[in-house]
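# Per-entry structural report
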Amino acid sequence: MRTLLIACGNPMCGDDGIADTVVALLKRGAIHLARTDFCSVQQLTPELATGFAAFGRVIFLDADASAVALTIVPVSEGASIPTLTHISSPTELVNLARGLFSFSGEAWLCRIPAHDLSFRDDLTPKRLRTAEKAARSIAAFLLEQPSSP
Amino acid sequence: MSRRVMIEPVSRIEGHAKISIHLNDAGDVEAARFHVTEFRGFEKFCEGRPFEEMPGLMSRVCGICPVSHVLASSKAGDMLLGVESPPAAVKQRRLANYAQLLQSHALSFFHLSAPDLLLGMDAPQATRNIFGLLEKDESFLRRGIRLRQFGQRIIELVGGKRIHPGWSGPGGVHQVFNIRHRDEILAWIPESLQSIASALDKLKSLLDSFRTEAEYMGNFPSLFLATAGADGELEYDTGTIRIIDGAGNTIAADLDSGKYFTYLGEASEDRSFMKFPFYRPLGYPEGYYRVGPLARLNIARRAGTPLADPELREFKQRGSGAVCQSFHFHLARLIEMLHAVERIQEELSDPDLYSEPTRARASLNRREAVGSCEAPRGTLFHHYWVDENGLMTKANLLIATAQNNQAMNMAVDQTTRHFLKRLAPGEQPPEGILNRIEAAIRCYDPCLSCSTHALGRMPLIVEWFGPDGSCLGRIARGNA
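Residues numbered from 1 in each chain as written. Chains lettered and ligands numbered in written order. Predicted model: local features only at pLDDT ≥ 70, side-chain atom pairs only at ≥ 80, totals over all residues. Heavy atoms only, no water.

### Focus: the overall build of chain B
Heads up, the condition is: Secondary structure elements are taken from DSSP: a helix is a run of H or I of four residues or more, a strand is a run of E of two residues or more, and numbering for both begins at the N terminus. Type-normalised accessible area, obtained with a 1.4 Å probe on protein chains alone, sets the label of each residue: buried when under 20%, exposed when over 50%, and partly exposed for intermediate values. Throughout, the Shrake-Rupley method with a 1.4 Å probe supplies accessible areas, and for residues the shown protein chains are the sole cover considered.
The helix and strand inventory of chain B stands at 16 helices and 16 strands. Counting all 480 residues of chain B, 65% fall into the buried class. Of the roughly 16800 Å² that chain B leaves accessible, carbon and sulfur atoms contribute 48%.

As structure tokens, then:
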């Protein structure tokens, strides 16, 4: 079974794009993440759900201005009321993937602390340190919890 | 005493808006208005930029219909250079435009409006969404998501990315379309045609249960404006502008889109950041008109593709000369999706699509230019002025949704007058009625972020006001 890492955020909005930086670090990192696919999107859209069934585990990476520390938690899959239109939440996507596209794997949400969400696309030292720490944590998570066969 | 009821935000539309409902002393609805409270300022902050940057900038106007803005902007750039784009560029742009039509209409129908149509206007708000559809008809929802995915995939293959593709610019496009992509796209065609046909059957089977909505949610004669092909066929790229009235009479034909300003004017109202375009010979507000799927199907004499042609003939029988019910925008959208998939299949067999060169090169040859195309929501105009160095001095964007502004106001007014009628003191409008008022706007599938070219997000709130302007009540809807 494979893992799909989905980085969500706008790389031109400072730390909002930190998940994209994390994915870039993981792709070229020293730790080889076997059977892991990467995806970077600015927004989660319903169409992403169509491809989940090919994976045993999906992990959403997202910047969170309210998070004080990096967390990796299961995606809540209770009833959700979508309030937006072409944009989905991880919960909505997983619900769609399970209900419509035969996804039966695990779904996790990794929240990465974000501080500066201003219009900028440079990689500040602080952002790089945060991203490196997040990459190490995610790699450790993947190695400690291999996806179910 | 008179009261004003506000619906703010309007849910399941792109962007943010509010509706104000004005009640007289007896509580009867006197008027209802549609307000757009976003302001974006694209026309202003592109001043001073090189015109070559404009397609990339303009694609950021909208995340739903960026291709339309890229195309209109590119065509304005073509005109500034004084060139004709090579056949490869023309074909790639057309292919991307059809793909965008498909994905945008799929979003509008399956995600935004289908909850009302399949679950009912009075279904509980908590379940009147795509997850309610998941319970009601999962195959319907699956087809809708796949259709949008198909359209987006084509855009990605042609333009390099699904959202904000930057492959087109003044003079042409930046890359050759790889013929290897053809088979991938062709493989989707049968499923897509089947899905749209199924959705058409489903919608037609439901229309009888929405007779009242079709009659009173924005049913009024108006002018209609759209691009028309040389033989009167549906056309979304090149052609001339045609205008008809609500009885189907041709008011103006063979109009040059590059001279839109000679026959279209734009008025402003204090209550909204969105402009009110009008047909100049009739003045404002009498010269208001509608654009988009309803207008295009009213104006076209034929679709020009084998599956869409009979659907268009059947569609035209729903009106006398022209179909005037706003409710039938939904049906028009599905027919356009069918036509778009047929055209996509045709375009893929054209060798020019894969040819070179892809770009014509020249220096600045004009200081003013207009590019236009049919966006999913209607006719789009980009009008640019540049200085001798090719730097933008001024831009005017006439967006489809803005051209439907007056009609949306009338639809809201008519819907509110019919379904709400009266509100007793202290009473709140029933949720199903509020939903119908919003649904009247959803018929037009407005893209408000486009049409006010908004910083940030605005919570939208329903408010009641007395004749003295005091707020008597408030309801928060959508994502407030």
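### Some remarks on the pattern of salt bridges
The criterion, for reference: The term salt bridge refers to a pairing of a side-chain nitrogen on Lys or Arg with a carboxyl oxygen on Asp or Glu at a separation within 4 Å.
In this structure the tally under the stated criterion is 35 salt bridges over all chains. Put simply, arginine 120 of chain A and aspartate 122 of chain A hold a salt bridge, and the shortest N to O gap is 2.7 Å. Its relative accessible area of 34% is what places aspartate 122 of chain A among the partly exposed residues. Here the residues in one salt-bridge network are Lys75, Arg94, Glu235, Asp237 and Glu347 of chain B, joined through shared partners.

### Looking at the sheet that holds strand E6 (residues 223-228) of chain B
Residue and element names in this part refer to chain B. Quick note on the threshold: A pair of strands is treated as paired once DSSP finds two or more bridges between them.
In space, the 4 strands of this open sheet follow the order E8-E7-E6-E11, with mixed pairing throughout. The open sheet terminates on both sides in strands that have one partner only, identified here as strand E8 (250-255) and strand E11 (289-290). In this sheet, E11 lies alongside E6 in parallel orientation, the contact comprising 2 bridges. Residue pairing across strands places phenylalanine 224 opposite arginine 290, the latter belonging to E11.

### Observations regarding the sheet that holds strand E13 (residues 378-386) of chain B
Consider a sheet: its strands pair through backbone hydrogen bonds, and that pairing is either parallel or antiparallel. All names here are of chain B. The test is simple: Between N-to-C directions, angles span 0 to 180 degrees; the directions come from axes that are lines fitted to C-alpha atoms, helices contributing only their stretch in contact. Contacts are residue-level and defined by heavy atoms, with any inter-residue pair within 4.5 Å sufficient.
Pairing within the open sheet is antiparallel, and its 3 strands lie in the order E12-E13-E14. Pairing within the sheet leaves two strands with one partner each, and these edge strands are strand E12 (368-375) and strand E14 (392-398). Direction aside, the axes of adjacent strands within the sheet are offset by 15° on average. Summarising the sheet, E13 and E14 pair through 6 bridges and their orientation is antiparallel. Residue pairing across strands places valine 386 opposite methionine 392, the latter belonging to E14. Sitting on the sheet, helix H3 (residues 66-81) is in contact with E12 and E13, with an inclination near 150° to E12.

### Remarks on the side chain of aspartate 137 of chain B
Residue and element names in this part refer to chain B. Where we set the bar: Here a polar contact is taken to be a pair of N or O atoms separated by no more than 3.5 Å, where protein atoms must pair a possible hydrogen donor with a possible acceptor and residues adjacent in sequence count only if both atoms sit in side chains.
For aspartate 137, the location among the structural elements is in the loop between helix H5 (130-136) and helix H6 (138-159). Of the residues examined, aspartate 137 reaches a relative accessible area of 15% and is grouped as buried. A distance of 3.0 Å separates the side chain of aspartate 137 from the side chain of serine 139, its partner in a polar contact. Discounting chain neighbours no more than four positions away, the residues touching aspartate 137 are Leu118 and Lys202.

### Quick notes on the pairing of strand E10 (residues 276-279) of chain B
Residues and elements named next belong to chain B. Of the two faces of E10, the one carrying Phe276 and Phe278 and the one carrying Pro277 and Tyr279 are both buried. Relative to E10, strand E9 (residues 264-267) is paired through 4 bridges, and the arrangement is antiparallel. Bridged to glycine 265 within E10 is phenylalanine 278.

### Digging into the pairing of E14 of chain B
The buried fraction of E14 of chain B amounts to 5 of the 7 residues, a majority that puts the element mostly inside the structure. Taking the residues that link successive antiparallel strands as the turn, the E13 of chain B-E14 of chain B hairpin has 5 residues, and the phi of glycine 390 of chain B there is positive, at about 80°.

### Observations concerning the packing of helix H4 (residues 87-119) of chain B against H6 of chain B
Residues and elements named next belong to chain B. To be explicit about the condition: Roughly parallel covers angles under 35 degrees, roughly antiparallel covers those over 145, roughly perpendicular covers 65 to 115, and oblique covers all other angles. In this scheme the crossing of two helices becomes right-handed for a clockwise turn of the near helix relative to the far one and left-handed for an anticlockwise turn of less than a right angle. Note on residue categories: nonpolar means Ala, Val, Leu, Ile, Met, Phe, Trp, Tyr, Cys or Pro, charged means Asp, Glu, Lys or Arg, and polar means any other residue, Gly included.
Following both chains from N to C, one finds H4 and H6 inclined at 160°, their axes separated by 8 Å at the closest point. Judged on the interaxial angle alone, H6 and H4 are roughly antiparallel. As for the relative orientation of H4 and H6, their crossing is left-handed in sense. The class makeup of the residues in the contact of H4 with H6 is 17 nonpolar, 7 polar and 1 charged.

### With respect to the environment of proline 46 of chain A
Residues and elements named next belong to chain A. As for its placement among the helices and strands, proline 46 is situated in the loop between strand E2 (36-41) and strand E3 (57-64). On the basis of relative accessible area, proline 46 is assigned to the buried category, the value being 0%. Spatially, the C-alpha atom of proline 46 lies 17 Å from that of serine 104, the residues being 58 residues apart in sequence.

### Here we look at the packing of aromatic side chains
Filter applied, for reference: Aromatic rings from Phe, Tyr and Trp, with only the six-membered ring used for Trp, were paired whenever their centres fell within 6.5 Å, and each pair was classed as stacked if the ring planes differed by under 30 degrees, edge-to-face if by over 60, and tilted otherwise. Counted as over-ring charges are cases with an Arg CZ or a Lys NZ within 6 Å of the ring centre that also lie within 35 degrees of the ring normal.
One pass over the structure, following the stated rule, counts 16 aromatic pairs over all chains. For the ring pair phenylalanine 52 of chain A and phenylalanine 103 of chain A, a centre distance of 5.7 Å and an interplane angle of 70° mean the geometry is edge-to-face. Note that phenylalanine 52 of chain A is positioned in the loop between E2 and E3 and phenylalanine 103 of chain A in the loop between helix H2 (90-100) and strand E5 (106-113), a separation of 51 residues in sequence. Taking relative accessible area as the criterion, phenylalanine 52 of chain A reaches 1% and is therefore assigned buried. For phenylalanine 103 of chain A, a relative accessible area of 3% puts it in the buried group. Linked through ring pairs, Phe52, Phe60 and Phe103 of chain A together constitute an aromatic cluster. Positioned over the ring face of tryptophan 385 of chain B is lysine 394 of chain B, at 4.4 Å from the centre of the ring.

### Considering unusual backbone geometry
In the segment running from tyrosine 284 of chain B into proline 285 of chain B, the intervening peptide bond is cis, with an omega of 5°. The topology assignment puts proline 285 of chain B in the loop between E10 and E11. With an omega dihedral of 0°, the bond running from glutamate 356 of chain B to proline 357 of chain B counts as a cis peptide bond. Looking at the secondary structure, you find proline 357 of chain B in the loop between helix H12 (329-348) and E12. You will see that serine 102 of chain A, though not glycine, has its phi angle at about 60°, which is positive. Position of serine 102 of chain A among the secondary structure elements: in the loop between H2 and E5. One non-glycine residue, aspartate 445 of chain B, adopts positive backbone phi at about 45°. Counting through the fold element by element, aspartate 445 of chain B comes out in the loop between helix H15 (431-442) and helix H16 (448-451).

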